[in-house]
Amino acid sequence: MAQLVLGSVGGLVGGGIGRAVGSALGGIVDRGLVAGLQSARQKGPRLETLRVQSSAEGSPMAAAFGRVRVTGQIIWASRFLESRQQSRGSKGGPQTVAYSYAMSFAVAICEGPIDGIGRIWADGQLLDQTGISFRLYRGTADQMPDPLIEAVEGNSDERRPGGAPAYRDTAYVVFEDMPLDRFGNRVPQLSFEVFHRP
């Protein structure tokens, strides 16, 4: 492109010799630009912060009877984990850097105790649970804190209150390092099929 532009400008200024000199200079500029573009890295989108579905103190909690679909509320979340993958294009193409994210979080389902959960939906679609690790707490009165939450928040006892809560009488699910790439690098809206025989 620069070869054509500088060649035309050189032709206007210096005739045939100017066109030849302009074309030669334009060719040098073009080669420099192409080499610079080939060595440049292309980076994928990267998150600075992560938004999660909203939950607020004092929000009503569902009570499940029989078999019912319930939307959950986030009650705890860790920082997101960032993974970086580099790849080289074919035939000397540019190097690309892609980022992917995962997050550990807990979702309150309903008042406990419950008998169990069935299907899980993410953003209204049935969740493919392959590669997703989660633990269900049925909401009993004597349930203990989740080990992951306890590892992040610390222990809670009479001498040192304020550590990991046990969320007793609340049925909840803890997702551990859930990959977020299939949800647009955000925590999806989750709903659960809950079973409870009163």
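Residues numbered from 1 in each chain as written. Predicted model: local features only at pLDDT ≥ 70, side-chain atom pairs only at ≥ 80, totals over all residues. Heavy atoms only, no water.

Student: Hey, could you run me through the overall build of the protein in this one?
Tutor: In terms of helices and strands, the protein carries two helices and 10 strands. Its helices and strands in sequence order give the protein the pattern α-β-β-β-β-β-β-β-β-α-β-β, from N to C terminus. Buried residues in the protein amount to 35% of all 198 residues. The contacts of the protein with a sequence gap of at least 6 include a subset with a gap of at least 24, amounting to 72%. Accessible surface, the protein: about 12,200 Å² in total, of which carbon and sulfur atoms supply 54%. (Helix = DSSP H or I, 4+ residues; strand = E, 2+ residues; numbered from the N terminus. Buried < 20%, exposed > 50% of the residue type's maximum accessible area, 1.4 Å probe, protein only. Contact = heavy atoms within 4.5 Å. Areas by Shrake-Rupley, 256 points an atom, 1.4 Å probe, with all protein chains shown as cover.)

Student: What should I look at first to understand the environment of Pro 147 in this one?
Tutor: In this structure, Pro 147 sits in helix α2 (residues 147–153). Overall, Pro 147 belongs to the exposed group, its relative accessible area being 52%. Here the alpha-carbon distance between Pro 147 and Ala 164, two residues 17 residues apart in the chain, equals 8.9 Å.

Student: Sorry, what's going on with the side chain of Ser 104 here?
Tutor: Summarising the element assignment, Ser 104 is placed in strand β5 (residues 95–111). In this structure the side chain of Ser 104 is engaged in a polar contact, spanning 2.9 Å, whose partner is the backbone nitrogen of Asp 177. Those residues in contact with Ser 104 that sit more than four places away from it in its chain are Trp 76, Ala 77, Ser 78, Leu 148, Phe 175, Glu 176 and Asp 177. (Polar contact = N/O pair within 3.5 Å; in protein donor to acceptor, adjacent residues only side chain to side chain.)

Student: Would you take a moment to explain the pattern of salt bridges for this structure?
Tutor: Here the idea is simple: oppositely charged side chains can pair when their charged atoms come close. Across all of its chains, the model carries five salt bridges by this definition. For the salt bridge of Arg 67 with Glu 193, the shortest nitrogen-to-oxygen distance reads 3.0 Å. Of this pair, Arg 67 sits in strand β2 (residues 66–71) while Glu 193 is found in strand β10 (residues 190–196), placing the two residues 126 residues apart along the sequence. Linking Arg 135 and Glu 176 is a salt bridge whose minimum nitrogen-to-oxygen distance equals 2.7 Å. Of the two residues, Arg 135 sits in strand β8 (residues 133–137) while Glu 176 sits in strand β9 (residues 170–179), which places them 41 residues apart along the sequence. Three or more residues joined by partner-sharing salt bridges are found here, namely Arg 67, Arg 119 and Glu 193. (Salt bridge = Lys/Arg side-chain N within 4 Å of Asp/Glu carboxyl O.)

Student: Whenever I open this one, the confidence of the model for the protein confuses me. Can you help?
Tutor: Predicted coordinates in regions of low pLDDT should not be interpreted in detail. Scored by pLDDT, the protein has a mean of 78; 66% of the residues are at 70 or more. Note on residues 37–42: pLDDT is under 50 here. Beyond four places in sequence and across chains, it has 14 contacts. (pLDDT = per-residue confidence, 0-100.)

Student: It is not clear to me how the sheet that holds strand β6 (residues 116–122) should be interpreted in this structure. Could you clarify?
Tutor: Paired through backbone hydrogen bonds, the strands of a sheet run either parallel or antiparallel to each other. Strand order in the open sheet formed by four strands is β2-β10-β6-β7, with antiparallel pairing between adjacent strands. Two strands in the sheet have a free side with no partner beyond their single neighbour: β2 and β7 (125–126). By the bridge criterion, five bridges tie β6 to β10 in an arrangement that is antiparallel. Looking across to β10, one finds that Ile 120 is bridged to Phe 192. (Pairing = 2+ DSSP bridges.)

Student: Hey, could you run me through the packing of aromatic side chains in this one?
Tutor: A full pass over the atoms with the stated rule returns five aromatic pairs. Both rings, one in Phe 105 and one in Phe 175, keep their centres 5.2 Å apart while their planes meet at 25 degrees; by these two values the pair is stacked. Here Phe 105, found in strand β5, pairs with Phe 175, found in strand β9; they are 70 residues apart in sequence, far enough to count as distant. Phe 175 matches Phe 105 in its accessibility class, with the two residues each being buried. Residues Tyr 137 and Tyr 172 carry aromatic rings whose centres are separated by 4.7 Å and whose planes lie at 10 degrees to one another, so their mutual orientation is stacked. With a gap of 35 residues between them, Tyr 137 in strand β8 and Tyr 172 in strand β9 connect regions that are remote in the sequence. Connected via pairs of aromatic rings, a cluster forms that spans Phe 105, Phe 134 and Phe 175. One cation-aromatic arrangement involves Arg 69 over Trp 121; the distance from NZ or CZ to the ring centre is 3.9 Å. (Phe/Tyr/Trp six-rings, centres within 6.5 Å; stacked < 30°, edge-to-face > 60°. Lys NZ or Arg CZ within 6 Å of the ring centre and 35° of its normal.)

Student: Before we go on, may I ask you to explain the environment of Gly 112 in this structure?
Tutor: Considering the arrangement of structural elements, one finds Gly 112 in the loop between β5 and β6. Taking relative accessible area as the criterion, Gly 112 reaches 22% and is therefore assigned partly exposed. Through-space distance from the C-alpha of Gly 112 to that of Tyr 172 is 8.8 Å; in sequence the pair is 60 residues apart. With near-sequence residues (within four places) excluded, Gly 112 lies in contact with Arg 138, Gly 139, Asp 169, Thr 170 and Ala 171.

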